[in-house]
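# Structural description and commentary
For reference, the chains in residue letters:
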Amino acid sequence: MIKEGKIGVQEAVCLVTITMGNQIFFTAPTIVTQHVGTAGWYMTIISGIVAIISFTFIYLLLKRFPGKGIIEVFDITFGRKLGFVISFTYALSCLVAPSVLLREFSEVLKVFILPLTPISVIIGAVIIAGIVAAYLGLESIARISKFIAYIFLVGYVAVLLLARNEYDFSNLFPIWGYGIGTTIKEGITRSSVFSEIILVAIFAGSLQGTKHIKKIGYISLILSCLIISGGLFCLTLVFPYPVLQEMTSPIYTLARAIKYGVFVQRMDPLFIFLWNITTIISISVLFYTSVRIFCAILRLEDKRPIIMPLGVVVFSMTMTIVDITDVIEIYIELLRVYALGLFYAVPIIALITAIIRKKKGAEINA
Amino acid sequence: MKKAFDEIYRLYVNDEAVATKNSQKNNTRREKSSSRSTPLTIEEWNKKRKVQEETVCQPQSNSDAISSELCVNLEKIKQRFLMHKNQGIIIREFNIGKKTNAFIAYIKGMVDKQTLNLAIIPQLMSKEAADENNGSDDQCTIDYLVKNVLAVHNLTRLSKFSEASMQILRGASVLFIEGCDECIVFDTLGYEKRSVSKPVTESVVRGPQEGFTENLLTNITLIRRIVKNEKLVNEMIPVGNTNHSNCAVIYLEGIANPKVINEIKKRIKKINTDVIMGDGMIEQFIEDNSLTLFPQILSTERPDKAASSIMEGQVVIIAEGTPFALVAPVTFFHLFHTSEDSQLRCPFGTFLRLIRLVGVALATFLPAIYVAVALFHSEAIPTQILEAIIEARERVPFPTIVEILLLEISFELIREAGIRVPTIIGQTIGIVGALILGQAAVSAGIVSPILVIIVSVTGLGSFVIPSYTMGIALRILRLFFILSAAMMGFFGITVLAFIVTIFACSIKSFGVPYFSPIAPSTKIGPDFLIRAPIWMQKNRPDEFNTPNRKRQGNNQKVWIDEEQGIGGDDSNT
């Protein structure tokens with residue numbers, strides 16, 4: 001197994017929160033509004049609750065195997081062969097996820113900011129950053145997440161608050177959206193928006209104990225839920241929901257709408273910085289996760305030989321996607337549905353299997 | 001008658017025989033004696049003596065011990081210092097107390113002649129120097145000399161030749177005495193050195209105005225003068241296999257982390273090179289990551305800053321030959337602290353620190369942001385400012401990137417020229433470069449006035465960075481940021497910022513993460529970014545993991561509580 005070093009609670013929380021919360025900058029608010037209308041902001045809370053419940057099972061599973069990541073746990077509970085298949089699926093989804101995210105990001109960036117820049121250049125630049133991050137390892141990615149988290153939080157809240165002149169509370173109505181039933185159903189289905197919480201389980205071996213896993217998981221989910229829900233709430237306040245349903249990057253549009261006198265207006269540069277850096281962190285984390293899983297399932301002790309090839313794979317996959325419509329209509333929808341089963345259901349099955357087969361890890365004395 | 005005659009004859013004959021016999025004996029003896037005492041010629045005698053001396057004074061090969069034969073030691077000194085062609089070494093032979101042969105060896109120009117002429121040689125040559133209780137001339141008198149004759153404050157006894165030789169090289173005088181297998185080292189260092197003066201690179205308004213010099217001992221003294229503590233440890237470690245330099249590792253026992261101390265000492269001891277010219281070379285040998293732009297060791301010219309670092313639990317390394325001290329471990333944020341911060345009240349200290357951070361941000365990002373805005377994000381600029389920029393750029397024939405690179409390179413040229421030229425015309429270069437050249441460039445329509453402002457503000461920003469090495473790092477980074485901005489605007493800046501920051505996050509300075517206490521999280525002290533009141537700074541920085549965290553008691557709280565009748569408890573450090 002590769003040596004990753006240990007990361008603290010705060011770093012882990014920042015890493016997972018940025019990866020999950022970053023979705024607010026993309027088409028997620030648009031898709032949510034398309035499904036539930038004005039109820040998006042509290043639908044996210046429902047999704048958050050579902051994710052917290054799902055995480056509790058993940059935590060219970062990890063608690064049985066102290067000091068082990070979920071990939072090692074799969075090997076123990078399901079056996080080597082089935083464990084390999086599930087872990088491989090995890091690794092593949094961790095390769096697909098950054099590709100989809102990167103394509104979405106590049107498309108939006110090209111539309112709004114860099115219309116003349118070839119998309120391959122944008123994708124290539126982010127992949128290089130991801131490769132560098134993967135070479136430097138989890139510790140460095142976690143540290144930069146912590147470092148950026150403060151800037152992200154301040155910048156994000158600033159953008160939301162500075163748009164208060166545009167707030168119109170009548171936009172919140174109809175408050176039930178497309179009906180409470182639809183909202184709850186969508187809330188459960190779309191709880192996979194928090195599926196990146198699985199990162200806590202994958203990197204459990206690098207965290208400082210089972211107690212910390214619990215803390216990290218719950219705090220990350222609550223923070224991400226607040227970030228996404230708060231963002232959706234402000235977006236709903238600013239844009240009537242039929243308008244919001246048509247936007248490619250609502251937060252970017254919100255930042256552009258900020259205007260205080262002649263000088264303080266069009267705050268999109270501030271947003272661009274936040275958006276770019278958090279997206280690069282998210283892509284780096286997901287890319288590193290795939291590297292980490294591949295190393296685990298292939299029993300590699302050095303991650304370096306597979307970083308560059310996997311980088312090329314991600315680049316190719318990103319370029320394979322035709323356009324942003326494909327991203328929104330096919331890939332994101334697929335990821336949302338499959339993520340639910342893969343990242344929430346499989347750990348629950350693993351837990352049940354572990355209980356039935358009486359599999360348990362050795363106690364670790366701190 | 002005849003009988004008497006015969007008797008006389010017989011006696012005569014006997015006498016004759018005896019006489020003959022005696023004479024023969026005498027002749028043989030004389031021959032023998034004459035053969036023994038025949039005087040030699042001068043050449044023969046010299047030759048004989050030389051052979052004898054050579055056999056006695058020939059140094060035993062590979063032996064590092066000091067011989068009790070004076071001539072052996074003399075021969076060794078001559079051989080070691082190549083005296084047949086080396087004129088630097090002086091050997092003064094004399095008799096101690098007009099009895100015992102001795103010689104003193106030193107290097108011309110490196111010793112204090114007054115001490116030698118007045119306090120050492122006269123005392124040794126005086127009649128009182130002879131040990132009256134010592135019956136034999138061959139017996140060593142070193143104890144007697146040390147205890148009764150030599151009125152010198154600092155002397156040591158050595159028994160190894162290599163050590164004695166090193167002492168001579170560093171400016172000491174070494175006394176060898178006939179019959180003694182030890183030598184006496186007099187601390188007679190007296191070479192020319194620069195006196196303590198104002199620090200050139202780290203000026204402050206409020207605070208001590210003295211800086212380090214090129215002399216190692218002076219620098220150690222400057223620190224010891226500030227940290228008057230018996231636990232202030234100064235360990236000398238030899239570095240440089242050929243130039244035999246020294247470096248001092250200074251720390252406070254019980255305050256500095258022992259792991260860090262051992263790591264630093266280990267790395268210095270592992271240096272295997274022919275020459276160490278100063279702290280900069282040591283820094284390069286012992287730093288964690290050589291290829292990164294960011295300095296992982298702080299270099300300071302100020303004894304007070306070095307002393308305060310020691311008090312915070314850091315370790316100071318001073319090398320011979322440069323007026324700087326190295327401080328390790330260090331974090332990114334410590335590189336922006338100055339010694340003046342602690343001398344000023346908290347609002348002023350905080351204000352200056354924030355100004356410095358603004359300066360750092362401007363020095364790194366301002367030109368790149370300008371390029372990004374001008375080329376990719378012109379909608380981000382308020383309309384009136386955009387109009388002003390476009391108007392100013394109307395006459396400029398170059399693209400923005402060429403224009404800014406021209407000015408940036410010119411500015412770097414002016415800065416470098418200002419340092420290299422003599423001080424008197426250095427200022428002139430600055431004025432000529434900055435004012436006349438800039439004005440002329442604008443008048444000629446080569447650059448836009450707004451860009452001159454941008455580059456000037458960037459330059460000012462880079463001047464507020466207290467660490468010289470960090471300043472250079474940011475200047476280099478600035479160029480890369482400009483290029484990335486020219487290629488991909490804000491996106492390019494962000495990608496590069498991510499790569500640079502994640503590299504910095506991976507750096508460690510002697511085990512201390514570079515971005516601590518933020519990433520990874522440790523307890524953020526009140527003297528981190530905002531400088532809290534001095535009495536609130538109760539603990540040493542958490543990131544250095546010092547064995548003794550507590551720095552001070554409750555201070556003001558004690559007397560405020562006393563005034564209010566609560567009664568304070570001031571637990572000491």
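Residues numbered from 1 in each chain as written. Chains lettered and ligands numbered in written order. Predicted model: local features only at pLDDT ≥ 70, side-chain atom pairs only at ≥ 80, totals over all residues.

## Overview of the overall build of chain B
Operational definition: Numbering of helices and strands starts at the N terminus; helices are DSSP runs of H or I of at least 4 residues and strands are runs of E of at least 2. The exposure scheme places C-beta atoms from the backbone and then counts, for each residue, the other C-beta atoms within 10 Å of its own, assigning buried at 20 or more, exposed at 12 or fewer, and partly exposed in between. For the purpose of contact definition, each residue receives a C-beta atom placed from its backbone, and two residues are in contact when these atoms lie within 7 Å.
A tally of regular secondary structure across chain B gives 18 helices and 12 strands. By residue count, 35% of the 573 residues in chain B fall in the buried class. When contacts within chain B are restricted to residue pairs at least 6 apart in sequence, long-range pairs at least 24 apart make up 65% of them.

## Quick notes on the domain arrangement of chain B
Residues and elements named next belong to chain B. Inclusion rule: Marked domain ranges trace back to an automatic or database domain assignment. By the convention adopted, Pro, Cys, Tyr, Trp, Phe, Met, Ile, Leu, Val and Ala count as nonpolar, Lys, Arg, Asp and Glu as charged, and the other residues, Gly among them, as polar.
Once the domains are mapped, chain B shows domain 1 (51–186), domain 2 (216–330), domain 3 (345–513) and domain 4 (534–563). A straight line from the C-alpha centre of domain 2 to that of domain 3 covers 33 Å. On the side of domain 3, 15 residues touch domain 2, which itself brings 17 residues to the contact. For the side of domain 2 that touches domain 3, the secondary structure elements donating two or more residues are α8 (258–269) and β8 (298–300). No other element matches the 4 residues that α8 contributes to the side of domain 2 that touches domain 3. Of the residues in the side of domain 2 that touches domain 3, the class split is 10 nonpolar, 4 polar and 3 charged.

## A look at the packing of helix α12 (residues 346–375) of chain B against helix α16 (residues 449–463) of chain B
Residue and element names in this part refer to chain B. Threshold: Helix axes are fitted only over the stretch in contact, all axes being lines through C-alpha atoms; the angle between N-to-C directions runs from 0 to 180 degrees. Every angle not falling under 35 degrees, over 145, or within 65 to 115 is termed oblique; those three ranges are roughly parallel, roughly antiparallel and roughly perpendicular. Two helices cross in a left-handed way if the nearer one is turned anticlockwise from the farther one by less than a right angle. They cross in a right-handed way if the turn is clockwise.
For the pair α12 and α16, interaxial distance at closest approach is 7 Å and the crossing angle is 155°. In terms of axis orientation, α12 runs roughly antiparallel to α16. As for the relative orientation of α12 and α16, their crossing is left-handed in sense. Residues G359, V360, L362, A363, L366, P367 and Y370 of α12 touch α16, and the partners they reach there are I454, V455, V457, T458, G461 and S462. Here the contact of α12 with α16 is composed, by residue class, of 9 nonpolar, 4 polar and no charged.

## Here's the deal with unusual backbone geometry
For the peptide bond that leads from F173 of chain A to P174 of chain A, omega is 5°, which places it in the cis range. Relative to the helices and strands, P174 of chain A resides in the loop between α7 (138–162) and α8 (180–189). Cis rather than trans, the peptide bond between A519 of chain B and P520 of chain B has omega equal to 5°. Here P520 of chain B shows up in the loop between β12 (512–513) and α18 (556–563). Here the phi dihedral of K98 of chain B falls at roughly 60°; this positive angle occurs in a residue that is not glycine. With respect to the helices, strands and loops of the structure, K98 of chain B is situated in the loop between β1 (89–96) and β2 (100–107). By C-beta crowding, K98 of chain B is classed as exposed, having 11 other C-beta atoms within 10 Å. Unlike most non-glycine residues, N545 of chain B shows phi in positive territory, near 50°. Mapping N545 of chain B onto the fold places it in the loop between β12 and α18.

## Observations concerning the interface of chain A and chain B
Interface size, as often reported, equals the accessible area lost upon joining of the parts. Across the boundary between the two partners, chain A contributes 31 residues, which contact 24 residues of chain B. Looking at the side of chain A that touches chain B, the elements with two or more residues in it are α1 (9–21), α6 (119–136), α7 and α13 (268–297) of chain A. Of the residues assigned to the side of chain A that touches chain B, the class counts are 20 nonpolar, 6 polar and 5 charged.

## Considering the confidence of the model for chain B
Residues and elements named next belong to chain B. Keep this limit in mind: Per-residue confidence from the predictor is reported as pLDDT, a score between 0 and 100.
For chain B, mean pLDDT is 85; residues scoring 70 or higher make up 88% of the total. Of all secondary-structure elements in chain B, the lowest mean pLDDT belongs to helix α1 (residues 2–36), at 52, while strand β9 (residues 315–319) reaches the highest, 96. For this predicted complex, the interface confidence score (ipTM) comes to 0.93, while the overall pTM stands at 0.85.

## Concerning the sheet that holds strand β4 (residues 173–177) of chain B
Residues and elements named next belong to chain B. Heads up, the condition is: At least two bridges found by DSSP between two strands is the condition for calling them paired.
Read across the sheet, 5 strands follow the order β1-β2-β4-β5-β3 without closing on themselves; strand pairing throughout is antiparallel. The two strands at the open ends of the sheet, each matched to only one other strand, are β1 and β3 (155–158). Ignoring which end each strand starts from, the neighbouring axes of this sheet average 25° apart. In this structure, β1 lies alongside β2, joined through 8 bridges in antiparallel fashion. Bridge pairing in β2 places I90 opposite Y106. The strands that helix α6 (residues 161–169) touches are β2, β3, β4 and β5 (183–186); relative to β2, the one it contacts most, it runs at about 50°.

## Section: the packing of α13 of chain A against helix α17 (residues 468–506) of chain B
Taken N-terminus to C-terminus, the directions of α13 of chain A and α17 of chain B make an angle of 45°; their axes are 9 Å apart at the nearest point. Regarding the angle of α13 of chain A to α17 of chain B, the classification is oblique. When you trace α13 of chain A past α17 of chain B, the crossing you get is right-handed. Mapping the contact onto sequence places P269, I272, F273, N276, I277 and I280 of chain A in α13 of chain A and F490, F491, T494, V495 and F498 of chain B in α17 of chain B. Residues that form the contact of α13 of chain A with α17 of chain B fall into these classes: 9 nonpolar, 2 polar and no charged.

## Section: the nonpolar core
Residues and elements named next belong to chain B. Inclusion rule: Put simply, a nonpolar core is buried Ala, Val, Leu, Ile, Met, Phe, Trp, Tyr and Cys residues tied into one set by C-beta atoms within 7 Å.
Core analysis: the largest hydrophobic core is formed by 225 residues, its most contacted members being V316 and I317. Ranked by residues supplied to this core, first place goes to α17 with 21 residues. Per-domain counts for this core show at least three residues from each of domain 2 (216–330) and domain 3 (345–513). Sequence-distant contacts of V316, that is, excluding residues within four places in its chain, are made with I223, I250, Y251, A306, S309, I310, A325, L326 and V327.

## Observations concerning the pairing of strand β6 (residues 232–239) of chain B
Here 8 bridges tie β6 of chain B to strand β7 (residues 245–252) of chain B, and the two strands are oriented antiparallel to one another. Residue pairing in the sheet places V233 of chain B in a bridge with Y251 of chain B of β7 of chain B.

## Points about the pairing of β2 of chain B
Residues and elements named next belong to chain B. Hairpin connection, β1 to β2: the antiparallel pair is bridged by 3 residues, and G97 has positive phi, about 55°. Direction of pairing for β2 relative to β4: antiparallel, over a ladder of 4 bridges. Bridge assignment links F103 to a residue of β4, and that residue is F176.

## Thoughts on the sheet that holds β7 of chain B
All names here are of chain B. Ordered in space as β6-β7-β9-β10-β8, the 5 strands form an open sheet in which the pairing is antiparallel. Lying at the two open borders of the sheet, with one neighbouring strand each, are β6 and β8. When strand polarity is set aside, the average angle formed by the axes of neighbouring strands in this sheet is 25°. Bridging between β7 and β9 involves 4 bridges; their strand directions are antiparallel. Residue pairing across strands places V249 opposite I317, the latter belonging to β9. Of the strands in this sheet, β6, β7, β9 and β10 (325–328) are in contact with helix α7 (residues 216–226), which crosses β7 at around 10°.

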